[in-house]
Amino acid sequence: MTRIQIKERAGPGALDTLFHQNKPKGHMCTSCAWAKPPNPHLFEFCENGAKATLWDLTSERCTPEYLARHTVTELAARSDYDLEMRGRLTEPLRYDAESDRYLRVGWAEAFREIGEKLRELEPKSVTFYASGKAALEPSYLYALFARIYGHQNLPDSSNMCHETTSVGLKKVTGSPVGTCTLEDLEHCDAIFYLGQNPGTNSPRLLRPLQQAVERGCKIVVFNPLREKGLLEFTDPQNPMQMTVSPATKLAHQYLQVKPGGDIAALMGVMKRVLERDAASRDAGGPGVLDRTFIDQHTAGFDEFLARLDSAGWDEIESNSGLARSELEAAGDVYADAERVIGIYGMGLTQHVHGSQSIGMLVNLLLLSGNIGRKGAGCSPIRGHSNVQGQRTVGITEKTSLAPNDKYRELFDFDPPTEDGHTTVEFLEAILAGTARGFIGLGGNLAKAVPDHERVHAAWRDMELTVHVATKLNKTHLMPGKSSFILPCLVRAEDDVQKTGRQTVTMEDSFSHIYGSIGKRSPASPYLKSETAIVCELAKATLPGHPKWLWDDWMGDYGLIRDLIAMTYPEEFHDMNDRMHQPGGFYRGNGAHERIWKTESGKAEFTTPTVMNACGIGDAAGRYHLVTVRSNDQFNTTIYGHSDRLRGISGSRMIVMMSTADMKRDGLREGDTVSLLGDAGDDIVRKVEGLRIVPYELPDGCLGGYFPELNPLVPLWYHDKLSKTPASKGVPVRIVKEAV
Ligand SMILES: Nc1nc2c(c(=O)[nH]1)N[C@H]1C(S)=C(S)[C@@H](COP(=O)(O)OP(=O)(O)OC[C@H]3O[C@@H](n4cnc5c(=O)[nH]c(N)nc54)[C@H](O)[C@@H]3O)O[C@H]1N2
Ligand SMILES: Nc1nc2c(c(=O)[nH]1)N[C@H]1C(S)=C(S)[C@@H](COP(=O)(O)OP(=O)(O)OC[C@H]3O[C@@H](n4cnc5c(=O)[nH]c(N)nc54)[C@H](O)[C@@H]3O)O[C@H]1N2
Ligand SMILES: [Mo]
């Protein structure tokens, strides 16, 4: 225990707090969105979840006295790691341009000034961003506040993450979220596992994967990098000692696909499945395809089949970087399995044609009716602990997803009908000078986005920037003309309002909703909850109205849940009674029941228009860079410089490169290089001072860390359908630096 606890400098009682993590009537982990099972393990948290919570509970404090001693310019030159290490913010702060410092301000004054500014600004020039942590209660009210105020510029971290799923998976299955439940994992015979790294990013998923393998389930992995967590199982039940149990082999097949090569790879797999189907029928068998399902439940099969027939193995091999024999073996695993699940993460979503990659995975599943029955389905692994839930309760820029009829009925106002900004569109508005105001409910947005330098230069022109945050970060240090930092409680902390201790709720990757109760005493007596801050901001901005009961709502979150239940009665009825149900309550999923809420009313086969999901193809001297996370970070929050599972330590300014490519370019381990953007526009994108680390990955592919390499991702390089930045498969060139 002590090692992590001391390292993170968490206060006393931290261990007790961890025992309540992810348990009924406890608090829910702030890290990832993996399920909280009905019969939790004593240690129902992983190394990373423990880290995230203990990091929140640090005893370090970033006080107004400290900030008064340092200018913003001076602090902005520090690393995110150093800023984090200052600890928790304790009081509201206002930027003072004259002294270039953040200075203490009272809550009442802060709310009044922000309200006045918001009233001066044209609502459509303001963006309300949310990072996927805030619970359903503040999120519901945040979206309501935005729409009453007059805009739906409501992007959230999902716009850089699983928006490709929200749009792409919805297009083909009608469901913007995964179709599986945790139970399905107990019954599948094969898992196709693409572009997600559970060892680092969702360690609690490792145990169900191990159990599946022990039952005889075969896992076929597609990933350019050999990720240790997928190769063998290391026991996350002893997160504190980080002990390693005797390793179980996890992946049956590990296919090191080229960046974006999943479209071609899945074509190859499906070619084999069709061959096997024909062979089975020729021999008088039932075939591999579920033709009844295809006839009754799907559209577009014939068109897809024609494209599959015309695809040659040459084009499949060159676009995927995989051999025919490997893909045929994977096709055999699919054909032999009764029940198959497809799991994926950022390796599919963060590509220019990411929606098509998802479409191809769904095609594979549809062939044998592997959606909407036990032990089968499509399971995107979400990032933040409540990112899925925020979308569910109205944080969306899309009018079609806003509950506008209910808004009219319950709150007596006319919501905007013009779509708002995605994250990319917000950044474009900043560059164009039309974005005038920003409120960030969490996140370190300026650091997490593509094209850093260009965006940063324009960010400070905004009239108003407001950050609801727990710790200081780089985005806060880019103040607009008026700028405030409003410090909030974390999830493990006691949230006491007028009617007593409050519960908040969130939704996991499997559409289950859980109550979460914090019990720690807050890091400072001046902190407010996110719900209270949203209500106070709304009160300070909007006129009074008999149906807008901000004071009542912030006094009793049960009333907000009643509103959520009235807005979404089918899914959230009796929410207050059901939220502490062990394992959470299931809000249901159409595709899970084979109800397809798509344009055609059926599950749709995708006919791909490209064979590789990268927006820019191969060329001499060009590499495709994959930006990933290490186990020692949570997004832009860097805990340390070790990437334990990849065996890399000491620095995050590195480039992973295959030994064959190193040899070809005359590079050696430890050489220092720069990466230059190679997107073909006239903007110079460059990151210097990167050390070469030999790593097992496909030729032509480089690996490196997010967010250090974000300056290399062009803002316009994003998924075609959803505008999710394509942070995997970024075209770059290597320049050797003089020593
Ligand atoms: N410890 C920790 N946990 C986290 C986070 C964190 O930063 N730290 N972040 C949270 C968030 S917000 C998110 S969204 C999730 C992210 O979790 P992941 O989806 O696992 O995200 P990444 O680390 O970006 O890793 C993506 C994986 O895709 C692979 N990949 C890259 N390109 C391709 C490709 O073209 N095809 C295929 N098949 N694979 C590819 C990479 O090698 C890598 O293994 O994790 C969440 N959990
Ligand atoms: N190149 C590249 N870029 C990427 C990605 C990639 O893989 N590659 N991944 C993308 C993805 S998937 C995502 S989700 C984004 C994430 O990018 P970020 O915006 O970095 O994500 P967060 O972890 O939400 O932000 C951390 C900040 O949130 C604040 N915070 C922490 N806890 C709380 C809380 O409980 N409440 C409030 N109000 N604030 C809190 C703290 O101030 C902290 O500094 O980055 C995206 N950018
Ligand atoms: Mo994410």
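A few points on the structure. (Residues numbered from 1 in each chain as written. Chains lettered and ligands numbered in written order. Predicted model: local features only at pLDDT ≥ 70, side-chain atom pairs only at ≥ 80, totals over all residues. Heavy atoms only, no water.)

### Comments concerning the side chain of Asp494
Counted only if it meets this: Helical segments are the DSSP runs of H or I of at least four residues, strand segments are the runs of E of at least two, and each set is numbered from the N terminus. We define a polar contact as two N or O atoms separated by no more than 3.5 Å, with the added condition that, inside protein, one atom must be a possible hydrogen donor and the other a possible acceptor, whereas residues neighbouring each other in sequence contribute only through side-chain atom pairs. The contact definition used throughout considers only heavy atoms, calling two residues in contact when any of these lie within 4.5 Å.
If you trace the backbone, Asp494 turns up in the loop between β16 (482-487) and β17 (496-497). In terms of polar contacts, Asp494 uses its side chain to reach the side chain of Arg501, at 2.8 Å. Leaving out residues up to four positions away in the same chain, Asp494 has contacts with Leu489, Arg501, Gly518, Lys519, Arg520 and Pro522.

### Points about the sheet that holds strand β6 (residues 190-194)
Note the cut-off: The pairing criterion for strands is at least two bridges between them, as found by DSSP. Every angle, taken between N-to-C directions, lies between 0 and 180 degrees, and every axis is a line fitted to C-alpha atoms, over only the stretch in contact when it is a helix.
Pairing is parallel in the open sheet, where five strands are placed in the order β10-β7-β6-β12-β13. Looking at strand neighbours, the two that pair on one side only are β10 (253-255) and β13 (377-380), the edges of this open sheet. In this sheet, adjacent strand axes meet at a mean angle of 15° when their direction is disregarded.

### Let's talk about the nonpolar core
Selection criterion: Side-chain atoms within 4.5 Å are what join buried Ala, Val, Leu, Ile, Met, Phe, Trp, Tyr and Cys residues into a set we call a nonpolar core. Throughout, exposure labels follow a simple rule: accessible area from a 1.4 Å probe, protein chains only, divided by the maximum for the residue type, with under 20% read as buried, over 50% as exposed, and the rest as partly exposed.
The biggest cluster of nonpolar side chains holds 60 residues, and the ones touching the most others in it are Tyr140, Phe411, Leu486 and Trp550. Beyond its immediate stretch of four places on either side in the chain, Phe411 contacts Tyr140, Leu144, Lys406, His545, Lys547, Trp548, Trp553 and Leu563. Grouped together as the second largest cluster of nonpolar side chains are 54 residues, Ala264, Leu289, Tyr334 and Ala337 included.

### Some remarks on the pairing of strand β28 (residues 654-657)
The alternating pattern of β28 places Ile654 and Met656 and Val655 and Met657 on opposite faces, both of which are buried. Here four bridges tie β28 to strand β30 (residues 686-694), and the two strands are oriented parallel to one another. From the neighbouring strand, Val655 faces β30, where its bridge partner is Ile692.

### Quick look at the packing of helix α8 (residues 136-149) against helix α25 (residues 530-541)
As a reminder, the rule being used: Under this scheme an angle from 65 to 115 degrees is roughly perpendicular, one under 35 degrees roughly parallel, and one over 145 degrees roughly antiparallel; angles in between are oblique. Handedness of each helix crossing follows the sense of rotation of the near helix against the far helix: counterclockwise by less than a right angle gives left-handed, clockwise gives right-handed. Residues are grouped as follows: Ala, Val, Leu, Ile, Met, Phe, Trp, Tyr, Cys and Pro are nonpolar; Asp, Glu, Lys and Arg are charged; every other residue, Gly included, is polar.
In contact at an axis separation of 8 Å, α8 and α25 are set at 15° when each is read in the N-to-C sense. Regarding the angle of α8 to α25, the classification is roughly parallel. α25 is crossed by α8, and the crossing has left-handed handedness. Contacts between α8 and α25 pair Glu137, Pro138, Leu141, Tyr142, Phe145 and Tyr149 from the former with Glu530, Thr531, Val534, Cys535, Leu537, Ala538 and Thr541 from the latter. Among the residues making up the contact of α8 with α25, the classes are represented as nine nonpolar, two polar and two charged.

### Things to note about the site of ligand 2
This is how it is decided: To be near a molecule or strand, a residue needs just one of its heavy atoms within 4 Å of it. The method behind every accessible area is Shrake-Rupley, applied with a 1.4 Å probe, and residues are considered shielded solely by the protein chains displayed. Where a domain begins and ends is set by an automatic assignment or by a domain database.
In the vicinity of ligand 2, 30 residues are found, and the nearest of them are Ser131, Ala448, Glu530, Thr636 and Asn710. Take Glu530: an N or O atom from its side chain is 2.7 Å from a nitrogen atom of ligand 2. One of the side-chain nitrogen or oxygen atoms of Thr636 is found 2.5 Å away from an oxygen atom of ligand 2. With the chains in place, 96% of the 930 Å² that ligand 2 exposes on its own is no longer accessible. For the shell around ligand 2, the residue count by class is nine nonpolar, 15 polar and six charged. Counting only domains with at least three residues in the shell around ligand 2, you end up with domain 2 (63-160 + 386-510 + 522-580) and domain 4 (623-736).

### Notes on the site of ligand 1
Asn223, Glu227, Gly260, Gln633 and Asn635 are the nearest of the 29 residues found near ligand 1. At 2.6 Å from an oxygen atom of ligand 1 is found a side-chain nitrogen or oxygen belonging to Glu227. One of the backbone nitrogen or oxygen atoms of Asn635 is found 2.6 Å away from an oxygen atom of ligand 1. Within the complex, 99% of the 920 Å² of free accessible area of ligand 1 lies under protein. At the level of elements, α10 (198-201), α18 (346-349), β23 (623-628) and β24 (633-634) are the ones that each hand at least two residues to the shell around ligand 1.

### As for the packing of aromatic side chains
Note on aromatic pairs: each is described by the distance of the centres and the angle between the planes. Worth spelling out the cut-off: Any two rings among Phe, Tyr and Trp, with Trp reduced to its six-membered ring, count as a pair given centres within 6.5 Å; such a pair is stacked if its planes are under 30 degrees apart, edge-to-face if over 60, and tilted if neither.
Counting across every chain of the model gives 22 aromatic pairs. Summarising the aromatic geometry, the rings of Phe426 and Phe438 are spaced 5.4 Å apart at their centres and angled 15° between planes, so their arrangement reads as stacked. Here the residue Phe426 occupies a position in helix α22 (residues 423-432), and Phe438 occupies one in strand β14 (residues 437-441), the gap between them amounting to 12 residues. With a relative accessible area of 1%, Phe426 lands in the buried category. Between Phe572 and Phe585, the aromatic rings sit 6.1 Å apart at their centres with planes inclined by 90°, giving edge-to-face as the arrangement. Pair noted here: Phe572 is in helix α28 (residues 569-572) and Phe585 is in strand β21 (residues 585-586), with a separation of 13 residues, a long-range link. Each member of the pair, Phe572 as well as Phe585, is classed as buried.

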